[in-house]
Amino acid sequence: MAVTLPPLPYAVDALEPFYSKENVELHHGKHHNAYVVKLNELKPDATDAGLIDLIKTSEGGIFNQAAQIWNHSFFWSSMKKAGGGKPTGAIADAIDRDFGSYDNFRKEFINAGMTQFGSGWAWLVVEGGKLKVVKTANADTPLKGTAMALITADVWEHAYYPTYKNLRLKFLEVFLDSLVNWDFANENLAKAK
Ligand code: MN
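Residues numbered from 1 in each chain as written. Predicted model: local features only at pLDDT ≥ 70, side-chain atom pairs only at ≥ 80, totals over all residues. Heavy atoms only, no water.

## Some remarks on the pattern of salt bridges
For side chains bearing opposite charge, pairing can occur when the charged atoms are close. In the structure shown here, the tally under the stated rule is eight salt bridges. The partner of K21 in a salt bridge is E25, and the shortest N-O contact between them spans 3.6 Å. Here the residue K21 and the residue E25 both occupy positions in helix 1 (residues 21-42), the gap between them amounting to four residues, near one helical turn. (Salt bridge = Lys/Arg side-chain N within 4 Å of Asp/Glu carboxyl O. Helix = DSSP H or I, 4+ residues; strand = E, 2+ residues; numbered from the N terminus.)

## Considerations on the pairing of strand 3 (residues 148-154)
Burial analysis of strand 3 places six of its seven residues in the buried class, the great majority of the element. The pairing of strand 1 (residues 120-127) with strand 3 spans six bridges and is classified as antiparallel. Note that in strand 3 the partner of L124 across the bridge is I151. (Buried < 20%, exposed > 50% of the residue type's maximum accessible area, 1.4 Å probe, protein only. Pairing = 2+ DSSP bridges.)

## Some words on the coordination of the manganese ion
The manganese ion binds to the protein through H27 (NE2), H72 (NE2), D154 (OD) and H158 (NE2); the donor distances cover 2.0 to 2.1 Å. One chain supplies every donor to the manganese ion, and in sequence these donors are spaced H-x44-H-x81-D-x3-H. (Donors = N, O, S within 2.8 Å, 3.2 Å for Na, K, Ca; no water.)

## Overview of the packing of aromatic side chains
Throughout the structure, instances matching the rule amount to 20 aromatic pairs. Residues Y19 and F171 carry aromatic rings whose centres are separated by 5.8 Å and whose planes lie at 45 degrees to one another, so their mutual orientation is tilted. Here Y19, found in the segment before helix 1, pairs with F171, found in helix 7 (residues 168-179); they are 152 residues apart in sequence, far enough to count as distant. (Phe/Tyr/Trp six-rings, centres within 6.5 Å; stacked < 30°, edge-to-face > 60°.)

## A few points about unusual backbone geometry
The omega torsion of the bond from E16 to P17 falls at 0 degrees, within 30 degrees of zero and hence cis. If you trace the backbone, P17 turns up in the segment before helix 1. One non-glycine residue with positive phi stands out, namely A82, at about 55 degrees. Residue classification places A82 among the exposed residues on the basis of a relative accessible area of 72%.

## Topic: the pairing of strand 2 (residues 130-137)
Note: strand 1 against strand 2, eight bridges, orientation antiparallel. Bridge pairing in strand 2 places W121 opposite T136. Between strand 1 and strand 2, which follow one another and run antiparallel, lie two residues, and G128 among them has a positive phi close to 60 degrees.

## What about the environment of P162?
Within the fold, P162 resides in helix 6 (residues 157-164). Spatially, the C-alpha atoms of P162 and Y19 are 8.7 Å apart, while their sequence positions differ by 143 residues. Discounting chain neighbours no more than four positions away, the residues touching P162 are E22, N23 and L26. (Contact = heavy atoms within 4.5 Å.)

## A look at the packing of helix 1 against helix 3 (residues 60-77)
The geometry of helix 1 relative to helix 3 is characterised by a closest axis approach of 9 Å and an angle of 150 degrees between their N-to-C directions. For helix 1 against helix 3, the interelement crossing comes out left-handed. Side by side, helix 1 and helix 3 meet where V24, H27, H28, H32, A34, Y35, V36, K38, L39 and L42 of the first sit next to G61, I62, Q65, A66, Q68, I69, H72, S73, F75 and W76 of the second. Looking at side-chain class alone, the contact of helix 1 with helix 3 contains eleven nonpolar, eight polar and one charged residues. (Axes fitted to C-alpha atoms, helices over the stretch in contact; angles between N-to-C directions. Left-handed = near helix turned anticlockwise from the far one by under 90°. Nonpolar A, V, L, I, M, F, W, Y, C, P; charged D, E, K, R; others polar.)

## Notes on the layout of surface pockets
Rolled over the atoms, a probe with the dimensions of a water molecule shows which regions are left empty. Its volume calculated, the largest pocket comes out at about 160 Å³. Lining the largest pocket, in full, are I52, K56, W70, F74, P142, L143, G145, A147, M148, A149, N188 and K191. At the level of elements, helix 2 (51-57), helix 3, strand 3 and helix 8 (182-192) are the ones that each hand at least two residues to the lining of the largest pocket. Here the lining of the largest pocket is composed, by residue class, of eight nonpolar, two polar and two charged. (1 Å grid on protein atoms, 1.4 Å probe; cavity = no way out; pocket = protein on both sides within 12 Å on 5 of 7 lines; lining within 4 Å. Points joined across faces, edges and corners; volume = space filled by probe spheres on them.)

## What to know about helix 4 (residues 90-99)
Those residues of helix 4 lying buried are I91, A92, A94, I95, D98 and F99. Across the axial projection of helix 4, the buried residues extend over an arc of 165 degrees, all falling on one side. Helix 4 presents D93 and R97 as exposed residues on the side facing more than 90 degrees away from its buried surface. Along its buried surface, helix 4 packs onto helix 5 (102-115), strand 1, strand 2, strand 3 and helix 8. (Arc of directions from axis to C-beta.)

Spatial relationships are all this shows, so hold off on functional conclusions.
This is the structure we're talking about:
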């Protein structure tokens, strides 16, 4: 048994021009895959089915690799072709309720991504029935705590450099305006209830 690289939920060029094919190929095929290879080296009995339990119970190198595998899979599902813009459905109502407006949420999410110094992640999560924006450093993930992730943006430099060079702000704006998969957020929110 081993952990395997989850396939992308779309073709490698599906997110063009907002997230380049080259960027997807590098990020999924090289970076995401490297965490899979490394975890299998560190823990040969790790399995796909046991990944979440492993993240919750491990520390150090094993945690870092396992969490990065899950975080990246969650990130790929957080985007879709022709995504972005204002959400609809339950997530739209919850954002208005807990942030006051979509524009307030948008500012807060971008601010979280911009103020994560160095590598990490910006997340929309639900905790205790309330939506929140949080940021995590390096491999850290909401799975370690009590919040449930709804969407995430990877703000490691490798996530945006091939498409946006050093412009993390531009990537975060495009992520929300043209890529984010609100269907996925609605599915996760429904599971949280
Ligand atoms: Mn990444």
